[in-house]
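Single-letter residue listing:
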Amino acid sequence: MSRISGILLDGEFLSFLRKIEAHEKDRIFCRHDLGHLLDVCRIAWIMNLEQGCGLGRELVYGAGLLHDIGRWTQYETGEDHAAASARLCGGILRRSGFEEGEIARIEAAIKNHRRPGAQDPLSRLIFLADKLSRNCFCCRARSECKKPLSEGPPEL
Ligand SMILES: [Fe+2]
Ligand SMILES: [Fe+2]
């Protein structure tokens, strides 16, 4: 089994996804479900290939799948979800077979996923993929959203 499958089948990963789903049941703004996590993985992976960053597939998917996994704590305690996701990803990654050096890189990328200007390639790709995954330009909740909005579709 690949380490990506290990994450997808991890009991804690799935329980965090269910908690997020319960909190976002009536959310009109964009959600943090498995579809979003996979969008970020796939966009980051394509950019990694196009830009020749040379990152491994499991590293990119590990960061993409877990970058919002602590979102439920933000709903429950107000903790910033990038910090919470970085704090909560280690156990899932260890059980899935990731090594400590890889876990540290993924934790950094998750912590940085809402900050532009990060220098390391994994942080940069996850930040950009997260932005590109959201179709704000045609969102029905656009007028009520507090996120800064671009006028058109993302530049691809
Ligand atoms: Fe996020
Ligand atoms: Fe996200």
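Check the entry above for the structure.
The rules we used
Residues numbered from 1 in each chain as written. Chains lettered and ligands numbered in written order. Predicted model: local features only at pLDDT ≥ 70, side-chain atom pairs only at ≥ 80, totals over all residues. Axes fitted to C-alpha atoms, helices over the stretch in contact; angles between N-to-C directions. Helix = DSSP H or I, 4+ residues; strand = E, 2+ residues; numbered from the N terminus. Parallel < 35°, antiparallel > 145°, perpendicular 65-115°, else oblique. Left-handed = near helix turned anticlockwise from the far one by under 90°. Contact = placed C-beta atoms within 7 Å. Nonpolar A, V, L, I, M, F, W, Y, C, P; charged D, E, K, R; others polar. Core = buried A, V, L, I, M, F, W, Y, C linked by C-beta atoms within 7 Å. Buried ≥ 20, exposed ≤ 12 C-beta atoms within 10 Å, placed from the backbone. Expected span 1.5 Å × (residues − 1).

A. Seen up close, the packing of helix H4 (residues 57-66) against helix H8 (residues 121-132). Relative to each other, H4 and H8 sit at 50°, their axes nearing to 10 Å. With respect to H8, the axis of H4 lies oblique. Every pair of crossing elements has a handedness; the one defined by H4 and H8 is right-handed. Touching Leu-59, Val-60, Ala-63 and Gly-64 of H4 are Leu-122, Leu-125, Ile-126 and Ala-129, all from H8. Its residues placed into classes, the contact of H4 with H8 shows seven nonpolar, one polar and no charged.

B. Broad picture of the nonpolar core. The biggest cluster of nonpolar side chains holds 34 residues, and the ones touching the most others in it are Ala-44, Ala-63, Leu-66, Cys-89, Ile-110 and Ile-126. Looking at this core, the elements with two or more residues in it are helix H2 (11-23), helix H3 (34-50), H4, helix H6 (81-95), helix H7 (100-111) and H8. Per element, the largest residue contribution to this core is seven residues, and it comes from H6. Among residues more than four places away in sequence, those in contact with Leu-66 are Ser-85, Cys-89, Ile-92, Ile-106 and Ile-110.

C. Examining H7 more closely. Spanning 12 residues, H7 covers 16 Å between terminal C-alpha atoms, matching the ideal 16 Å at 1.5 Å per step. What H7 keeps buried is the set Ile-106, Ala-109, Ile-110 and Lys-111. Structurally, H7 contributes buried residues whose contacts are with H4, H6 and H8.

D. A look at the packing of H7 against H8. In contact at an axis separation of 8 Å, H7 and H8 are set at 40° when each is read in the N-to-C sense. Between H7 and H8, the interaxial angle falls into the category oblique. Every pair of crossing elements has a handedness; the one defined by H7 and H8 is right-handed. From H7, Arg-105, Ala-108 and Ala-109 reach across to H8, where they touch Leu-122, Ser-123 and Ile-126. Among the residues making up the contact of H7 with H8, the classes are represented as four nonpolar, one polar and one charged.

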